[in-house]
Amino acid sequence: MKPIIRVENLSKRYRLGAQQKLYSTLRESLTDAVRAPFRSFRGSGDGPKNSFWALKDINFEVNPGEVVGIIGRNGAGKSTLLKILSRITEPTVGKIELYGRVGSLLEVGTGFHPELTGRENIFLNGAILGMRREEIAKKFDEIVDFAEVEQFLDTPVKHYSSGMYMRLAFAVAANLEPEVLVVDEVLAVGDAEFQKKCLGKMSQVARAGRTVLFVSHNMVAVKNLCERAIYLQRGKIMLDAEVKSTVDYYLQQGIDSLAERKWAESEMPGNNVLRVKRVAVYGADKQPNEAILTTDNVIIETEFYNNLDNANLDITWDLTDNQGTHVAHIGMVCSPGKAMKKGYYRTCGVFPRNIFNTKKYILSLMFGLNQREVAYRMEDALIFDVEDDLRRGNNFSQFPGVIHPICEWQTTFLA
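Rules used in this analysis
Residues numbered from 1 in each chain as written. Predicted model: local features only at pLDDT ≥ 70, side-chain atom pairs only at ≥ 80, totals over all residues. Heavy atoms only, no water. Buried < 20%, exposed > 50% of the residue type's maximum accessible area, 1.4 Å probe, protein only. Helix = DSSP H or I, 4+ residues; strand = E, 2+ residues; numbered from the N terminus. Arc of directions from axis to C-beta. Contact = heavy atoms within 4.5 Å. Polar contact = N/O pair within 3.5 Å; in protein donor to acceptor, adjacent residues only side chain to side chain. Core = buried A, V, L, I, M, F, W, Y, C linked by side-chain atoms within 4.5 Å. Salt bridge = Lys/Arg side-chain N within 4 Å of Asp/Glu carboxyl O. Pairing = 2+ DSSP bridges. Axes fitted to C-alpha atoms, helices over the stretch in contact; angles between N-to-C directions.

A. A look at helix 8 (residues 243–252). Taken together, the buried positions of helix 8 are V243, T246, V247 and Y250. Looking straight down helix 8, one finds that the buried residues subtend no more than 95 degrees of arc, so they occupy a single side. Elements in contact with the buried residues of helix 8: strand 3 (67–71), helix 7 (219–225), strand 8 (228–233) and strand 9 (236–242). Between the side-chain oxygen at the start of helix 8 and the backbone nitrogen of K244 there is a gap of 3.0 Å, and the oxygen is on E242.

B. Looking closely at the nonpolar core. By size, the foremost hydrophobic cluster in this structure holds 43 residues, and its most contacted members are I122, L168, F214 and V222. Ranked by residues supplied to this core, first place goes to helix 5 (residues 162–175) with 9 residues. Ignoring any residue separated from it by four or fewer positions in sequence, one finds L168 in contact with F112, G118, I122, I143, A147, V149 and Y160. The next biggest cluster of nonpolar side chains, apart from the first, holds 33 residues, and it includes V273, L319, F356 and L363.

C. Inspection of the environment of N9 at higher detail. Structurally, N9 is set in strand 1 (residues 5–15). In this structure N9 comes out as partly exposed when scored by relative accessible area, which is 45%. For the pair N9 and G94, spaced 85 residues apart in sequence, the C-alpha to C-alpha distance is 4.8 Å. Once you skip the residues sitting within four places of it in the chain, N9 turns out to touch D57, I58, N59, V93 and G94.

D. Highlighting the pattern of salt bridges. Scanning the entire structure with this criterion turns up 20 salt bridges. For K158, the salt bridge identified is with E115, shortest N-O distance 3.2 Å. With K158 in the loop between helix 4 (133–147) and helix 5 and E115 in the loop between strand 5 (102–105) and helix 3 (118–128), this residue pair connects regions lying 43 residues apart in the sequence. According to the relative accessible area criterion, K158 is partly exposed, its value standing at 40%. The shortest N-O distance in the salt bridge between E379 and R377 comes to 4.0 Å. Several salt bridges share partner residues, and in doing so they unite R6, E8, E61, K95 and E97 into one network.

E. The arrangement of the sheet that holds strand 4 (residues 93–98) in detail. Read from one edge of the open sheet, 3 strands run 2-1-4, paired in antiparallel fashion. What marks the edges here is a single partner per strand, and that holds for strand 2 (51–62) and strand 4. For this sheet, the mean angle separating the axes of adjacent strands, direction not counted, is 25 degrees. Relative to strand 1, helix 2 (residues 78–85) is tilted by about 115 degrees, and along the sheet it contacts strand 1, strand 2 and strand 4.

Right, dumping it as structure tokens:
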């Protein structure tokens, strides 16, 4: 069988400190699209010292109808690989052979022009995929129904919320029937109902025999959707095998704990809305570098600078385990009932004891503004282990299940 995707000796180098505009004008976008086929798809050279290789010597093939997961930690090169496959960026070295139309859903904003309406972007994306207007019109109602944005169809998408934007982007990519569908962590955006719809649609796409490349940190979703997985680490392929073998190998590599992070004034992450000074997780009355026990209250602290007057900020912590299972979604309003003035703040949240199981957990942080938009997001902000208080030192690894509550039991003699 002839592969639908063939990647040979692929490498991508980035210059540190290079900046790009957030988006270009429509004229610039169209001009760039005309010039793109004439650019060289090859390159060479090791480059200056202020550069790094996001991908290095990548080789693999994908057959028609395969559903392939691409996994690895943040910074492993997953999204860079998909952007090259989607022809959004070019490789520095190597080549790719693609046979068929490619539909991509990589991040909010990719593939749509912000000045065009939702309706215009649907037809524009279909045209970019090589579809005739009649083909797009045939799928139009299905796309709008899936995205649930009918009343905003004639509004420029720059006014859409991130959730509306993502729903429409996924609906277009999944319903216009390209031969290859490229999806990067779409399940991280949207509510639970939308995530369920996405999983169902991707399963339907896979059963229809189309080729899917799926990047996700959710190992449960990868195992359910994919037949094969490619594990990337620091820009190189560590394993390309059957999905269970690859996921198990990835999870066995372990993730170093990171129970506290703090930054100097000049290095604080954030933007014009806020800057993060410190995040930490620890057991009650303990330091962040000490073990957290199942019998501990687990405390999460966030210290940040609010840069806005009269701000309405909220904080959400997403909790997953090391297998990618979404354990909890914890939110709080920083200043209930009143707006916040500029200044330095600390928030503190407490999980009750005897909730966490004995395993590794990952906390991702998101700040919201006015309970409508994302102000700042920090993936994998904190990583911590929970140990069992009763069996420490007995070589016991982990209890089964997601949680490990202590229940009160009573036995009554009945006869």
